[in-house]
Amino acid sequence: MSTYDLLVRGGILVSANGLHQADLAVSAGRIVAIEPELSGTSREEIDARGLHIFPGCIDAHVHFNEPGRTTWEGFASGSRALAAGGATSFFDMPLNSSPPTLRQADFLRKHEAAQASSLLDFALWGGLTPNNLDALEELAECGVIGFKAFMSNSGLEEFPAVDDLTLYEGMQQAARLGKIVAVHAENEQITSNLACRAIAEGRTGVQDYLNSRPVIAELEAIARTILFASETGCALHIVHVSTGRGVQLVVEARARGVNVTCETCPHYLALNEEDMLQLGAVAKCAPPLRSQTDQDDLWQHLLAGTIQLVASDHSPATPEMKTSTNFFQIWGGISGCQSLLHILLTEGHEQRALPLPAIAALTAEHVAQRFGLANRKGRLAIDMDADFVLVDVSRHEVLHTHDLFYRHQQSPYVGRILRGGIVRTLVRGITVFRDGQQTSTAGGRLLIPDTHTI
């Protein structure tokens, strides 16, 4: 008779291939058995009857801003919020830490900070800017998940946008190094000139900001970076695509054989420009929220399976940075990582019949596949890391400010009724979050990718 560290009894396992009820056994942090009725004993047993067991969400796009800007967030509070929302791993972006992750020394500082404070396993993005083309190889040797570039102003002087030559040459290097490049795709000339014109004319409200970042600025930049990827052979990932038309450019490129994927974010699926006009600063992001028509088109792609993953783009700031009479001066980022799974269960599964297996694929399996982690993350299968979340999918709860685990309790979803109660989150078989409370100390490990697929 087998002896396990943990037995999870009677849950409904959710995978990209479907649903099935089974017991799940864990030893030494790995899943070692999955059967309808496992025999054996364990040090701990969880009764999961009536609950769905999802593979832990892997949030491929967060800004935790550590080291240097922990007053904005930090690995401790950020990873706790993720765990509260059912995530077990994350990829931290390079730009908002100080210094940004542009060289080996920057990577090592961030790795040390994350190792000391994160509840969850993590990967780190390296930056691609005009200032560090000579450092891409050393970042690759450190084990970055990939390189992040901005085609428009990042909002931080120390992380400048790439010009076309820098992006092209950076993608050449990335292809040689076997690394993916993630791109914030907005045309800088269009967005900056429209913004400058509006400010000069004293037009600084929410609608003026929306008008300064039109859809064409995103579409042109997506098309341009896809062309560079096609020419260089670089694996490309377009972050936070806000419109169905943007996704369609990716679909067409993939049909031509270009190695490109895209993500969208919960806020583009749950909110539109009318919400931004009502909510104001808490809903400011770039690209901005779009029209109802654009949102409907985005959902059509998600339901059709042509969007590869959903990531939060959690980008917090201090309350002072979200307050100004000039909307252009307000920090452009949404705090949303705690609500990623809830939004997909609410807006997707409940309101649009998005299947639960599709949600598991969008938040876990496809993420692990695309970013070279599929040998250990993203699925409920034998020999995989025991990263999973127990969810009461029938539960509905109003999100209150006091429910948020961010350093600053801001969210555009406060007051909404969200579906899905996160009962327990486990990382490598260790419960890190249970019934609304953190239950473990920092123990996150660095994730280094193998190969990029999908």
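Above: the structure in question.
Scope of this entry: the structure provided in the associated data block.

Reading guide: rules and limits
Numbering of residues begins from 1 in every chain and follows the order in which that chain's sequence is written. Where local features are concerned, this predicted model is filtered to residues with pLDDT of at least 70; where side-chain atom pairs are given and counted, the filter is 80 or more; whole-chain, interface and lining totals use all residues. With hydrogens and water stripped out, all remaining heavy atoms of the structure feed into the side-chain values. Strands are runs of DSSP state E lasting at least two residues, helices are runs of H or I lasting at least four, and both sets are numbered from the N terminus onward. Residue exposure (1.4 Å probe, protein chains only): buried if accessible area is under 20% of the type maximum, exposed if over 50%, otherwise partly exposed. In this description, contact between two residues means that some pair of their heavy atoms is separated by no more than 4.5 Å. In this tally, Asp and Glu contribute negative charge and Lys and Arg positive charge; neither His nor the terminal groups of the chain are included. We put the charge of a Lys on NZ, of an Arg on CZ, of an Asp on CG and of a Glu on CD. Helix span, expected: 1.5 Å multiplied by one less than the number of residues in the helix. Joining through side-chain atoms within 4.5 Å is the link that ties buried Ala, Val, Leu, Ile, Met, Phe, Trp, Tyr and Cys residues into a set, and such a set is a nonpolar core. In this analysis an axis means a line fitted to C-alpha atoms, helices contributing only their contacting stretch, and an angle means the value between N-to-C directions, from 0 to 180 degrees. Put simply, angles under 35 degrees are roughly parallel, angles over 145 are roughly antiparallel, angles from 65 to 115 are roughly perpendicular, and the rest are oblique. Handedness of a crossing follows from how the near helix is turned relative to the far one, being left-handed for an anticlockwise turn of less than a right angle and right-handed for a clockwise one. Residues are grouped as follows: Ala, Val, Leu, Ile, Met, Phe, Trp, Tyr, Cys and Pro are nonpolar; Asp, Glu, Lys and Arg are charged; all remaining types, including Gly, are polar. In this scheme, strands are said to pair when DSSP sees at least two bridges between them. The path from the first strand over the helix to the second decides the hand: if it runs clockwise while the strands point away from the viewer, the crossover is right-handed.

1. Overview of the overall build of the protein
Phase 1: Within the protein one finds 13 helices and 18 strands.
Phase 2: Expressed as lengths along the three principal axes of its C-alpha atoms, the size of the protein is roughly 75 × 45 × 40 Å.
Phase 3: When the 454 residues of the protein are sorted by exposure, 62% land in the buried category.
Phase 4: Of all intrachain contacts in the protein linking residues separated by at least 6 positions in sequence, the fraction that spans at least 24 positions is 75%.
Phase 5: For the protein, the distance from the average site of its 35 positive side-chain charges to the average site of its 51 negative ones is 2 Å.

2. Points about helix α8 (residues 244-255)
Given 3.6 residues to a turn, an α-helix orients residues that are three or four positions apart in the same direction.
Phase 1: With 12 residues, α8 extends 16 Å from end C-alpha to end C-alpha; this agrees with the ideal 16 Å at 1.5 Å per step.
Phase 2: Of all the positions in α8, only G244, G246, V247, V250 and A253 are classed as buried.
Phase 3: Where α8 is buried, its residues contact α7 (215-232), β12 (236-238), β13 (260-264) and α11 (292-304).

3. Side note on the nonpolar core
Phase 1: Residues F54, L120, L128, F147, L167, I238 and L302 are the most contacted members of the largest nonpolar core, which totals 99 residues.
Phase 2: Ignoring sequence-local partners within four residues, the contact set of L302 consists of L269, I307, V310, L344, L354 and L362.
Phase 3: Within the second largest apolar cluster, 26 residues are counted, among which are A60, F91, L95 and A123.

4. Section: the packing of helix α1 (residues 75-84) against helix α2 (residues 104-117)
Phase 1: One way to put it is that α1 packs onto α2 with a least axis distance of 9 Å and a crossing angle of 55°. In terms of their interaxial angle, α1 and α2 are classed as oblique. The way α1 lies across α2 gives a crossing that is right-handed. Touching F75, A76 and S79 of α1 are K110, A113, A114 and S117, all from α2.
Phase 2: Looking at the contact of α1 with α2 residue by residue, the classes come out as 4 nonpolar, 2 polar and 1 charged.

5. A short note on the pairing of strand β11 (residues 180-184)
Phase 1: Among the 5 residues in β11, 5 count as buried, and that is most of the element.
Phase 2: Here β11 shows a buried face lined by I180, A182 and H184 and a second buried face lined by V181 and V183.
Phase 3: Bridge count between strand β10 (residues 146-150) and β11: 5 bridges; the pairing is parallel. Its bridge partner lying in β11, F147 is registered against V181.
Phase 4: You can see the chain leave β10, run along helix α4 (residues 164-177) and come back into β11, and the turn it takes is right-handed.

6. Observations regarding the pairing of β13
Phase 1: Taken across its 5 residues, β13 has 5 buried, putting it largely inside the fold.
Phase 2: Residues of β13 alternate between two faces, with V260, C262 and T264 on one and T261 and E263 on the opposite face, all of them buried.
Phase 3: Here β12 pairs with β13 via 3 bridges, running parallel. Among the inter-strand pairings, L236 is bridged to a residue of β13, identified as V260.
Phase 4: For the segment spanning β12, α8 and β13, crossover handedness is right-handed.
Phase 5: One ladder, built from 2 bridges, connects β13 with strand β14 (residues 309-310); its direction is parallel. Bridging across to β14, T264 finds its partner in V310.

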